[in-house]
Amino acid sequence: MKSGIVFINLGTPAAPTTSAVRQFLKQFLSDRRVVEVPRLIWLAILYGIILPFRSPRVAKAYQQIWMNDMSPLRYFSQRLVDGVTKKVRERYPNNEIELRLAMSYGQTSISDTVDELLAAGCERLFFLPLFPQYSATTTAAVHDEINRIFSRRRDIPQWSWLRNYHRQAAYVEALAQSVRQYWSEHGRGERLLMSFHGIPKRNVELGDPYQRHCEETASALAMTLGLNSNEWQLSYQSRLGKAEWLQPYTDKTVISLAMSGIKKLDVLCPAFAVECLETIEEIDGEVHEYFVENGGEEFRYIPCLNDSEAHQNLMFLLCQSFIEEKTHLFS
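Here goes a summary of the coordinates provided. (Residues numbered from 1 in each chain as written. Predicted model: local features only at pLDDT ≥ 70, side-chain atom pairs only at ≥ 80, totals over all residues. Heavy atoms only, no water.)

## Structural notes on the overall build of the chain
What counts here: Numbering of helices and strands runs from the N terminus, with a helix taken as a DSSP run of H or I at least four residues long and a strand as a DSSP run of E at least two residues long. The size measure is the radius of gyration over C-alpha atoms, and the globule rule it meets is 2.2 Å times the number of residues to the 0.38 power. By definition in these notes, contact holds between two residues if any of their heavy atoms fall within 4.5 Å. Only the protein chains shown count as cover for residues, and all accessible areas are computed by the Shrake-Rupley method using a 1.4 Å probe.
When you go through the chain residue by residue, the secondary structure sums to 11 helices and 8 strands. For the chain, whose C-alpha radius of gyration is 20 Å, the value lies close to the compact-globule estimate of 20 Å for 331 residues. Viewed in the frame of its principal axes, the chain has a C-alpha envelope of about 60 × 50 × 40 Å. In the chain, the proportion of contacts linking residues at least 24 apart, taken out of those at least 6 apart, comes to 78%. Counting every atom, the chain has about 15,400 Å² of accessible surface; 49% of that belongs to carbon and sulfur.

## Some details on the sheet that holds strand E1 (residues 3-11)
Threshold: Whether two strands pair depends on DSSP finding at least two bridges between them. Simply put, an axis is a line fit to the C-alpha atoms, just over the touching stretch for a helix, and the angle between two N-to-C directions goes from 0 to 180 degrees.
Taken together, the 4 strands give an open sheet; going across it, the order is E2-E1-E3-E4, and neighbouring strands pair in parallel fashion. Strands with a single pairing partner mark the edges of an open sheet, and in this sheet they are strand E2 (97-105) and strand E4 (158-161). For this sheet, the mean inter-axis angle between neighbouring strands, taken without regard to orientation, is 20 degrees. Its contacts with the sheet put helix H1 (residues 18-29) on E1 and E2, and the angle it makes with E2 is roughly 90 degrees. Sitting on the sheet, helix H5 (residues 139-151) touches E1, E2, strand E3 (124-129) and E4, and the angle it makes with E4 is about 170 degrees.

## Some points on the nonpolar core
As a reminder, the rule being used: Throughout this description, the term nonpolar core refers to a set of buried Ala, Val, Leu, Ile, Met, Phe, Trp, Tyr and Cys residues connected via side-chain atoms within 4.5 Å. Exposed residues in this analysis have more than 50% of their type's maximum accessible area, buried residues have under 20%, and partly exposed residues fall in between, with area computed by a 1.4 Å probe over protein chains only.
Grouped together as the largest cluster of nonpolar side chains are 72 residues, with contacts concentrated most on Phe7, Leu128 and Met315. Apart from residues no more than four positions distant in its own chain, phenylalanine 7 is found in contact with Val81, Val84, Leu99, Arg100, Leu101, Ala102, Leu128, Leu130, Met315 and Cys319. If you look at the next biggest cluster of nonpolar residues, it comprises 40 residues, including Leu10, Ile110, Leu117 and Ala140.

## Overview of helix H3 (residues 72-91)
Quick reminder of the rule: Given a helix with a known number of residues, its expected span is that number minus one, times 1.5 Å.
Over its 20 residues, H3 extends 29 Å from the first C-alpha to the last, a length consistent with the 28 Å expected when each residue adds 1.5 Å. In the core, the buried residues of H3 are packed alongside E1, helix H2 (39-65), E2, helix H10 (277-293) and helix H11 (309-323).

## Points about the sheet that holds strand E7 (residues 264-268)
Strand order in this open sheet of 4 strands is E6-E5-E7-E8, and the pairing throughout is parallel. Single-partner strands in this sheet number two, and they are strand E6 (232-237) and strand E8 (298-302). Each neighbouring strand pair of the sheet contributes to a mean axis angle of 25 degrees, computed without reference to strand direction. Where strand E5 (residues 191-197) lies against E7, 4 bridges are found, and the strand directions are parallel. Residue pairing for E7: methionine 194 is matched across the bridge by leucine 268. Sitting on the sheet, helix H6 (residues 169-186) touches E7 and E8, and the angle it makes with E8 is about 140 degrees. Seen against the sheet, helix H8 (residues 210-225) touches E5, E6 and E7 and runs at an angle of roughly 150 degrees to E6.

## Section: the pattern of salt bridges
Inclusion rule: The salt bridge definition used is simple: a Lys or Arg side-chain nitrogen within 4 Å of an Asp or Glu carboxyl oxygen.
Throughout the structure, instances matching the rule amount to 17 salt bridges. Between glutamate 116 and arginine 100 there is a salt bridge, with the nearest N and O atoms lying 2.9 Å from each other. Within this pair, whereas glutamate 116 is found in helix H4 (residues 110-119), its partner arginine 100 is found in strand E2, the two being separated by 16 residues in sequence. Among the ionic pairs, glutamate 244 bridges to lysine 201, the shortest N-O distance being 3.6 Å. Linking glutamate 244 in the loop between E6 and helix H9 (250-259) with lysine 201 in helix H7 (residues 201-205), this pair joins segments that are 43 residues apart in sequence. Judged by relative accessible area, lysine 201 falls into the partly exposed class, the value being 34%. Three or more residues are tied together by salt bridges with common partners; here these are Lys2, Glu98, Arg100 and Glu116.

## Focus: the pairing of E7
Inclusion rule: Every crossover in which the path from the first strand over the helix to the second runs clockwise, viewed with the strands pointing away from the viewer, is termed right-handed.
In terms of burial, E7 is largely enclosed, as 4 of its 5 residues are buried. Pairing of E7 with E8 involves 5 bridges; the strand directions are parallel. For leucine 268, the partnering residue across the bridge sits in E8 and is isoleucine 302. The handedness of the E7 to E8 crossover, carried by H10, is right-handed.

## What to know about the packing of H6 against H11
Definition in use: Convention used here: angles under 35 degrees read as roughly parallel, angles over 145 as roughly antiparallel, angles from 65 to 115 as roughly perpendicular, and any remaining angle as oblique.
Interhelical geometry of H6 versus H11 gives an angle of 175 degrees and a closest axis separation of 9 Å. The angle between H6 and H11 places the two elements in the roughly antiparallel class. Between H6 and H11, the residues in contact are Ala170, Tyr171, Ala174 and Gln177 and Ala310, Leu314 and Leu317, respectively.

In structure tokens form, the structure reads like this:
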């Protein structure tokens, strides 16, 4: 039975231009899973404020980080999938397994990818969202899209998905390995800050488990690294709008740490599988500046797992239960 594995990341503009960014933001921010503000109010804000004014600013930010004629998110996501593909074909040379990268928003879409795999004869599909911590704003949006795709088809393949892997031992160890490697090359800072992408506080109050998942990842990583409670902390970044989001906020935390006398700060973004605008431009750009402007001396950003060998091994492991038709899924 021919199988397909679809790795899914959030998405990216097709080009670092205002028009491409506007098209991407329109699709992304129109998703009801992403923004739960009453529809008419939100559409007025989206079309009247965000798209006209935010698109040019975001396009300029993308222009600063664009690499190899694509965004870092697409570049590293594709390299990750290419690496896992090689491992799968080496380990299962006699199995017919197709691996693809798709995006929740923008190209290549989940729908187009599914169509391609089914046209190639795949009868089993496995969807692997590259979001370690589950959130309705990301993972559930993927599930919605998968269901929309199959609701339009008569012949639905056997399919499964990975809901989250925030406590998976290989994931925590991959993060720990990246921190240890950074420390071995650059020395160790006075504090390790784990900055996760934020979501509105109301989402958690309504039942989203994302905050708990972030806290569990952070605690597991700290334990693996052998850190005391005063050697690490957690924060949330990338808030949008005036509503209260999960706290503590990364920008305010960094300013507070600098003003309290912390001179060397190590920062890691465990919720991001690969580099993107939020890690490069926001964390290693804006937040870096906040730290230095308020008395800090060394802001040391530890890169995402990207296409590292440890990350490829993790993704290969997560695919194995599907490939070998095991019933256990990591949680």
